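Spelled out from the first residue to the last, the chains are:
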Amino acid sequence: MTAFIEVAEPHVMTTYGRVPIALERGQGCRLWDVNGKEYLDALGGIAVNTLGHNHPKFVPAIQEQVAKLIHCSNYYYVPGQEKLATLLTERTQMDKAFFCSTGLEANEAAIKLARKYGVDKGIADPVIVVYEHAFHGRSLGTMSATANPKVREGFGPLLDGFLRIPANDIEALKKATEGNPNIVGVMMEPIQGEGGLHPMRAEYMQQVRALCDANDWLMILDEVQSGMGRTGKWFAHQWAGIVPDVMSLAKGLGSGVPVGAVVAKGKAAEVLKPGNHGTTFGGNPLSMRAGIETIRIMEEDGLLAHTTKVGAHLKAKLKQELGSIPGVVDVRGEGLIIGIELAKSCGVLLERAAAAGLLFSVTADTVVRLVPPLIMTEAEADEVVAKLKPLVQQFLAE
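What counts as what
Residues numbered from 1 in each chain as written. Predicted model: local features only at pLDDT ≥ 70, side-chain atom pairs only at ≥ 80, totals over all residues. Heavy atoms only, no water. Helix = DSSP H or I, 4+ residues; strand = E, 2+ residues; numbered from the N terminus. Rg over C-alpha atoms; globule rule 2.2 N^0.38 Å. Buried < 20%, exposed > 50% of the residue type's maximum accessible area, 1.4 Å probe, protein only. Contact = heavy atoms within 4.5 Å. Areas by Shrake-Rupley, 256 points an atom, 1.4 Å probe, with all protein chains shown as cover. Lys, Arg positive; Asp, Glu negative; His and termini not counted. Charge placed at Lys NZ, Arg CZ, Asp CG, Glu CD. Polar contact = N/O pair within 3.5 Å; in protein donor to acceptor, adjacent residues only side chain to side chain. UniProt positions renumbered as here; feature names shortened; annotations may be inferred.

An account of the overall build of the protein is needed here, citing residue identities and associated values.
Regarding its fold elements, the protein presents 12 helices and 17 strands. Taken over C-alpha atoms, the radius of gyration comes to 21 Å for the protein, in line with the 21 Å a tight globule of 398 residues would show. When the backbone C-alpha atoms are referred to their principal axes, the protein occupies close to 70 × 55 × 45 Å. Counting only residues that meet the buried cut, the protein has 52% of its 398 residues in that class. The long-range fraction of contacts in the protein, counting pairs at least 24 apart against all pairs at least 6 apart in sequence, stands at 72%. If you sum the accessible surface of the protein, you get close to 17,800 Å²; carbon and sulfur atoms cover 55% of it. Counting 39 positive and 44 negative side-chain charges, the protein places the centres of these two groups 1 Å from one another.

Describe the side chain of Ser255, and please don't skip the residues or the numbers.
As for its position among the elements, Ser255 is in the loop between strand 11 (246-249) and strand 12 (260-264). Side-chain polar atoms of Ser255 contact the side chain of Thr294, separated by 2.8 Å. Dropping the residues within four chain positions of it, Ser255 is found in contact with Val48, Asn49, Thr50, Leu51, Phe58 and Thr294.

I'd like a description of the UniProt feature "binding site: pyridoxal 5'-phosphate" (unreviewed entry) in the protein, backed by residues and values.
Taking the UniProt record as the reference, the feature "binding site: pyridoxal 5'-phosphate" (unreviewed entry) is found at Phe135, Asp222, Glu223, Val224, Gln225 and Thr280. What stands out for the annotated residues spanning 146 residues is how far apart their C-alpha atoms range, the widest pair being 24.8 Å apart. The topology assignment puts Phe135 in the loop between strand 5 (127-131) and helix 5 (140-145). Here Phe135 is in contact with Thr146, Val151, Glu189, Glu194 and Asp222, once residues within four sequence places are set aside. Topologically, Glu223 is positioned in the loop between strand 10 (218-222) and strand 11. In contact with Glu223, other than residues within four places in its own chain, are Pro190, Phe235, Ala236, His237, Met247, Ser248 and Leu249.

Which residues make up unusual backbone geometry, and what are the values?
The phi dihedral of His133 falls on the positive side, at around 75°, and the residue is not glycine. Phi at Ser255 takes a positive value of approximately 50°, unusual for a residue other than glycine.

Encoded structure:
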């Protein structure tokens with residue numbers, strides 16, 4: 001019998017409060033740690049592993065690409081960039097894409113694009129409207145656009161140029177921007193993932209789209225977490241029937257291979273010129289193949305319809321089994337991005353769930369976040385609920 005392996009990392013910076021397990025392999029929606037313990041994956045690498053683990057169509061394609069060419073730099077044409085850009089623009093009704101490696105980079109590029117858009121119009125001090133509960137990343141720029149004090153504090157002065165307002169209140173947006181000639185754009189997450197799974201209402205997004213059109217502002221949508229089929233449509237804003245000027249993507253775009261993108265339309269697609277922005281790793285042949293294969297497999301396997309069906313089943317089951325438990329505040333979400341809000345901080349549930357063989361995350365201190373691979377079955381969704389219910393019941397009874 002193999003001895004139990006204790007996990008530790010004395011030479012790694014302590015930037016994470018980790019659950020004390022080390023994962024070794026995966027298959028579908030299952031993971032196994034170095035000690036052989038099995039887990040049901042309701043986190044998907046934080047909405048990253050779109051196709052689950054060891055997908056039989058995805059893995060051979062990535063292996064083939066690794067054997068051909070992994071990286072060559074953006075000094076040269078990378079044919080996969082045009083292929084993936086075409087796939088994205090066709091599905092967004094947008095025009096051009098820039099490729100990077102992470103959601104932070106995608107949002108940083110979107111912020112730079114918006115600021116340059118304003119400067120090009122003669123606005124010396126461009127301002128972007130952002131939201132309460134928003135999370136856009138941890139660089140100085142994206143952190144300045146983020147609302148969470150825990151993310152922002154301790155790093156000295158933040159960047160100017162952001163105006164923060166409450167979500168889903170068009171009058172608040174109008175009042176905050178009235179008479180301000182420096183506004184260049186409005187940046188929002190259709191579903192605020194890190195902020196507690198708060199959705200922007202379809203009507204509100206339509207109103208913002210109209211206000212941006214009327215004022216020549218850019219509508220910038222952060223779809224890093226909500227995009228790539230997570231809600232049952234390619235992108236969450238499509239439920240509102242709108243098209244943004246700028247959209248950031250990452251997470252699920254490469255099914256675990258780091259891929260980020262900024263997709264832009266019309267005037268926004270022409271703002272960045274040679275020398276204005278760049279990346280070393282972004283758009284490399286391996287990451288482009290990952291994005292191309294992710295989209296191909298999602299369509300071949302009908303994952304948008306599947307996500308809608310399984311997501312509705314999971315949400316209904318959660319409401320049925322957890323909704324009447326005292327201390328369960330709300331069950332909300334769309335497709336396979338679902339939050340269960342509890343009446344008190346619930347970070348301790350992470351280790352308890354892992355001990356019970358279930359992986360998820362807690363966001364905004366009180367919200368259990370479920371963002372499993374889009375291949376999750378209804379039977380696996382039922383298993384998530386069966387494992388989660390006693391954990392929540394016991395925790396709220398304490």
